[in-house]
Amino acid sequence: MGEHLDVEGILAALTLEEKAALCLGSDFWHTAPVERLGVPAVMVSDGPHGLRKQPQEADHLGLSGSNPATCFPTACALASSWNADLVRRVGEALGRETQAEEVAVLLGPGVNIKRSPLCGRNFEYFSEDPYLSGVLGSAFVQGVQSQGVGTSLKHYAANNQETDRVRVSADVDERTLREIYLPAFERIVKEARPWTVMCSYNRLNGTHVSQHPWLLTTVLRDEWGFEGVVVSDWGAVHDRVAAVRAGLDLEMPPQLGWSDTALVEAVRAGELDEAVLDLAVTRMLRLVDQALANARPDTPVDRDAHHTLARAAAREGAVLLTNDGLLPLAPQPGQTVAVLGEFARTPRFQGAGSSQVNPTRVDVPLDELRAAVPDGVEVAFAPGFTLDGSGDPGALAEEAVALAARADVVVLFLGLPAAEESEGFDRTHMHLPLPQLELLRAVRRASRRVAVVLVNGSAVLTSGWQDDADAILECWLSGQAAGGAVVDLLLGTANPSGRLAETIPLRHEDSPSYLSFPGDSGHVRYGEGVFVGYRGHDKLEQPVAFPFGHGLSYTSFAYDDLAVAVRGSHADGDLRVSVSCRVTNTGDRAGQEVAQLYVHDREASVTRPVRELKGFVKLDLAPGESSTATFELTARDLSFWSETVRDWVLEAGEFRVSVGPSSRDLPLGEVVHVDAPRVAAALGAMSSLEEWLADPAGAAALHDVLGTRDDGRLAGMLGDEELQRVVGNFPMRSLAGFPNVTLDHATLDEVVARLS
Ligand code: BGC
């Protein structure tokens, strides 16, 4: 353990210029030192799935080289493991490498929601679901930070596309933010306490996130209790003074001579309270102190062990989409396995942009397969296509088809070439490249035993071609050890246990964000609201290619013995719904099953999703073995964000709790009744007649001033049943003063005042 800084003493001794300088980096990757007071610079580096420490020429686009580091699976693959413990272990390994390289903060994880399958950075994000993103992101941060280095939770918030990413305004209503785009950040901030949070580039409802007081202070600090540093995404600051006021502490990379000058001048001119700047400086000093106190540059890194962990993680992230029994392969001596597709020889295992890691080594699937098959099995290769579209597609396909025709089985690697998905731009469609699909069709004509291995960071459509494959294994961009992992799965030395963290639709047009992604004229309206991903597909009752949560195994599982118990009460703040069920491995191989729990509020005053993931457990089961999956739900898990109450609201009534292997395969379910006190916005003159009558105190007050008929209804015109149906949604203010309504505005105002 290293030294400590005297934060208060240093703050008192700093000049205004030094304070301003501390709120800017000193270069691309370092904070500013204050040598005369013994404050060193500390280094930050990308992230997230490997350390990208650039020793010399710095840029943030991955253009110049970085020190070798283990390239773990990217977030899309890690998330498909649905294994928080595994993600934590990957985080620990990343933390060790970060320590050993004397870097204080690893810039990740990215927990933005996959709003559209087209987002160029989907490979860097976990899921379309906020619960899954939050649980896994939290494990990631806990893992990294357990090694005494920090993380930067990014990109906060509503940065769900690359198109016009620095300027676009994400126009999102508060309920959608609270239920979809913020919960992963909220959970991670509260549970895992990241050292830093990185604000995103975009604007939110018109205001640049880097200068958004509601996001950076009201929600992040006041509500969630975040105490660390808010750092800008690289180049996200436009008005440095407004940014400090909003709660942004550190600008990266620094606009030297510009931003620092602006801060000094604003304080001198009385436009920026020095106490506000002091807060940011204090947080910066605490960050440096935390880094110094925890620095362990002699941390040993076992590269072989990290490579092995990367392979295990890649195995767990692969999703077996279909399998008619072809997999696992069991090639016999004398047989030929045709390996087709350039990806088998030139693996693609990570995405492009700021997250690009210089791997310590790379497993090549073709080599791994050759090494793993029994003696006497021929593994023959033909590229079938090129990654950059060069070459003669006819000749390449012909060679591959000829090989397929003479082989006993075909393993065809298809995927997205690097040029098709990256940080910085979005895709324009979800298709695999045409030459690859044509190759599959031709290979299919030559072979009845074709396994397709997919290599891509964001989801690709399968609907046009999936019947041409006897098995499809989605391997994502799974890091430097992916080549070995895929062979483990193909040959059955490991059993696939990944599950989709995002829906694969039948058509891109079915994606809930289709009509408004990526927006235009500087705005992207999140018109689908909370109905993102499966929430939208399910509400629309659309068929999909593969539902959220789907993934096959080489064994089979059965679910029974569901038990659901409601305990405590919402009024007392201790409501819990305990759920358990038994899961049995009914096949003849060991395997892992992900039991998923979804909740549906059956009657709500707002439109709610048909089901929402609120729990999952990954179980390791030997053949014939049973295990109990247990879950516990809180009131928040059953609530929605009310725009009128401006808070989470749990409405009393029936909730369906379902458990099963995917969002569309839920063999167990039970309806439970949950009690909750009625919560409504305070009544005012603009509340409607219906709202007044639904509120016991409001109804009593109306009866008081208008009188009561013999049948218990309101006296006068407003008590008329038919009329109520027509004007029930009129504000009382409009009704008061209508001819024949014996209520005037002054009386209404008095009643409102009395009730409040
Ligand atoms: C990316 C961040 C990254 C930063 C530093 C930005 O362009 O959006 O994710 O951490 O650069 O490289």
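Our subject is the structure that appears above.
Note that the structure is a prediction, hence the values are computed from the model and not measured.

Chemist: When you look at the overall build of the chain in this model, what are you seeing that I'm missing?
Modeler: Along its length, the chain carries 23 helices and 26 strands. Within the span of the chain, comprising 756 residues, buried residues form 60% of the whole. A separation threshold of at least 6 residues defines the contact pool for the chain, and within that pool the share at least 24 residues apart is 74%. Carbon and sulfur atoms make up 49% of the accessible area of the chain, which totals about 28000 Å². On the chain, the mean spot of the 64 positive side-chain charges and the mean spot of the 105 negative ones are 2 Å from each other.

Chemist: Would you mind showing me how to read the sheet that holds strand S5 (residues 169-171) here?
Modeler: Within a sheet, neighbouring strands are paired by backbone hydrogen bonds and run either parallel or antiparallel to one another. Strand order in the open sheet made by the four strands is S8-S7-S5-S17, with mixed pairing throughout. Strand pairing shows two members of the sheet lacking a second neighbour, strand S8 (207-208) and strand S17 (523-525), which therefore form its edges. Where strand S7 (residues 203-204) and S8 come together, two bridges link them in antiparallel fashion. By the bridge assignment, Leu204 is partnered in S8 with Thr207.

Chemist: Mind showing me how you'd approach the site of the ligand here?
Modeler: Around the ligand, the surrounding shell holds 15 residues, and the nearest of these are Asp46, Arg121, His155, Tyr201 and Asp233. Separating an oxygen atom of the ligand from a side-chain N or O atom of Arg165 is a distance of 3.4 Å. With respect to the ligand, the side chain of Tyr201 contributes an N or O atom lying 2.8 Å from an oxygen atom. In isolation the ligand exposes 310 Å². Once the protein is present, 100% of that is buried. The residue inventory of the shell around the ligand, partitioned by class, reads five nonpolar, three polar and seven charged.

Chemist: Any chance you could explain the nonpolar core here in plain terms?
Modeler: Note on soluble globular proteins: their nonpolar side chains tend to be buried together. The biggest cluster of nonpolar side chains holds 120 residues, and the ones touching the most others in it are Trp82, Tyr156, Trp234, Leu263, Leu285, Leu613 and Phe616. Per-element tally for this core: the top contributor is helix H11 (residues 274-294), with nine residues. Within the second largest apolar cluster, 74 residues are counted, among which are Leu327, Val409, Leu440 and Trp476.

Chemist: So what exactly am I meant to see when it comes to the pairing of strand S20 (residues 591-601) here?
Modeler: Here is the key point about a regular strand: its side chains alternate between the two faces of the sheet. For S20, a buried count of ten out of eleven residues is recorded, marking the element as mostly surrounded by other parts of the structure. Sheet topology places S20 next to strand S21 (residues 612-621); nine bridges connect them, and they run antiparallel. Of the residues in S21, the one forming a bridge with Ala595 is Val617. One ladder, built from six bridges, connects S20 with strand S25 (residues 653-660); its direction is antiparallel. Following the sheet pairing, Gln596 is matched in S25 by Gly660.

Chemist: It is not clear to me how the pattern of salt bridges should be interpreted in this structure. Could you clarify?
Modeler: Pairs can form between side chains of opposite charge once their charged atoms are near each other. Throughout the structure, instances matching the rule amount to 48 salt bridges. Between Arg178 and Glu223 there is a salt bridge, and its shortest N-O distance comes to 2.8 Å. Placement of Arg178 in helix H6 (residues 174-181) and of Glu223 in helix H8 (residues 213-223) is noted, with a sequence separation of 45 residues between them. Close ionic contact of Asp304 with Arg361 constitutes a salt bridge, the shortest N to O distance being 2.9 Å. With Asp304 in helix H12 (residues 303-317) and Arg361 in the loop between strand S12 (358-359) and helix H13 (365-372), this pair connects stretches of sequence that are 57 residues apart. Using a relative accessible area of 47% as the deciding quantity, one classes Asp304 as partly exposed. Here the residues in one salt-bridge network are Arg121, Glu124, Glu162, Arg165 and Glu423, joined through shared partners.

Chemist: Even after reading the chapter, I still don't get the sheet that holds strand S11 (residues 336-340), so can you show me in this structure?
Modeler: One open sheet holds the six strands; their spatial order is S10-S16-S15-S14-S11-S13, and the pairing between them is mixed. Each end of this open sheet is capped by a strand with a single partner; those strands are strand S10 (319-323) and strand S13 (378-382). Neighbour to neighbour, the strand axes of the sheet diverge by 15° on average, direction disregarded. Relative to S13, S11 is paired through five bridges, and the arrangement is parallel. If you follow Leu340 over to S13, its bridge partner there is Ala382. Packing against the sheet, H13 makes contact with S11, S13 and strand S14 (409-415), and its axis sits at approximately 165° to S13. Contacts from helix H14 (residues 393-406) reach S11, S13 and S14, with the element oriented near 160° to S13.

Chemist: Would you mind going over unusual backbone geometry with me for this structure?
Modeler: Leaving glycine aside, a negative phi is the common case for residues, and trans is the common case for peptide bonds. For the bond running from Gly47 to Pro48, omega is 0°, close enough to zero to count as cis. Within the secondary structure, Pro48 sits in the loop between strand S1 (44-46) and strand S2 (68-69). For Ser521, which is not a glycine, the phi torsion comes out positive at approximately 50°. Its relative accessible area of 70% is what places Ser521 among the exposed residues. A positive phi angle is found at Arg646, which is not glycine, with a value near 55°. For Arg646, a relative accessible area of 47% translates into the label partly exposed.

Chemist: So what exactly am I meant to see when it comes to the environment of Val34 here?
Modeler: Mapped onto the elements of the fold, Val34 is located in the loop between helix H2 (16-22) and S1. Note on Val34: relative accessible area 6%, which makes it buried. Apart from the residues within four sequence positions on either side, Val34 is in contact with Leu14, Glu18, Leu22 and Val39.

Chemist: Looking at this structure, how should I read the packing of aromatic side chains?
Modeler: How two aromatic rings sit relative to each other is set out by the distance from centre to centre and by the angle between their planes. Per the counting criterion, the structure on display carries 13 aromatic pairs. An angle of 35° between the planes, with centres 5.6 Å apart, marks the rings of Trp29 and Trp234 as tilted. Taken as a pair, Trp29 in the loop between H2 and S1 and Trp234 in the loop between strand S9 (229-232) and helix H9 (240-246) lie far apart in primary sequence, 205 residues in all. Considered together, Trp29 and Trp234 belong to a single accessibility category, that of buried residues. On the numbers, 6.0 Å between centres and 85° between planes, the contact of Tyr131 with Phe616 is edge-to-face. With Tyr131 in helix H5 (residues 130-145) and Phe616 in strand S21, this pair connects stretches of sequence that are 485 residues apart. What makes Tyr131 buried here is its relative accessible area of 18%. A connected cluster of aromatic rings, assembled from ring pairs, spans Trp82, Tyr131, Tyr534, Phe548, Tyr598 and Phe616. Stacked on the ring of Tyr526, the Lys or Arg Arg115 has its end atom at 4.1 Å from the ring centre. If you follow Arg178 out to its NZ or CZ, it ends over the ring of Trp641, 4.1 Å from the centre.

Chemist: Help me understand the side chain of His537 in this model?
Modeler: Here His537 lies in helix H17 (residues 534-539). Those residues in contact with His537 that sit more than four places away from it in its chain are Thr503, Pro505, Asp510, Ser511, Pro512, Gln542, Val544 and Arg664.

Chemist: I would appreciate a short explanation of the side chain of Arg221 in the present structure.
Modeler: Among the structural elements, Arg221 can be located in helix H8. The class of Arg221 is buried, set by a relative accessible area of 9%. Setting aside its immediate chain neighbours within four residues, Arg221 contacts Leu216, Phe226, Glu227, Gly228, Val230, Gly247, Asp249 and Arg283.

Calculation rules
- Residues numbered from 1 in each chain as written.
- Predicted model: local features only at pLDDT ≥ 70, side-chain atom pairs only at ≥ 80, totals over all residues.
- Heavy atoms only, no water.
- Helix = DSSP H or I, 4+ residues; strand = E, 2+ residues; numbered from the N terminus.
- Buried < 20%, exposed > 50% of the residue type's maximum accessible area, 1.4 Å probe, protein only.
- Contact = heavy atoms within 4.5 Å.
- Areas by Shrake-Rupley, 256 points an atom, 1.4 Å probe, with all protein chains shown as cover.
- Lys, Arg positive; Asp, Glu negative; His and termini not counted.
- Charge placed at Lys NZ, Arg CZ, Asp CG, Glu CD.
- Pairing = 2+ DSSP bridges.
- Near = heavy atom within 4 Å.
- Polar contact = N/O pair within 3.5 Å; in protein donor to acceptor, adjacent residues only side chain to side chain.
- Nonpolar A, V, L, I, M, F, W, Y, C, P; charged D, E, K, R; others polar.
- Core = buried A, V, L, I, M, F, W, Y, C linked by side-chain atoms within 4.5 Å.
- Salt bridge = Lys/Arg side-chain N within 4 Å of Asp/Glu carboxyl O.
- Axes fitted to C-alpha atoms, helices over the stretch in contact; angles between N-to-C directions.
- Phe/Tyr/Trp six-rings, centres within 6.5 Å; stacked < 30°, edge-to-face > 60°.
- Lys NZ or Arg CZ within 6 Å of the ring centre and 35° of its normal.

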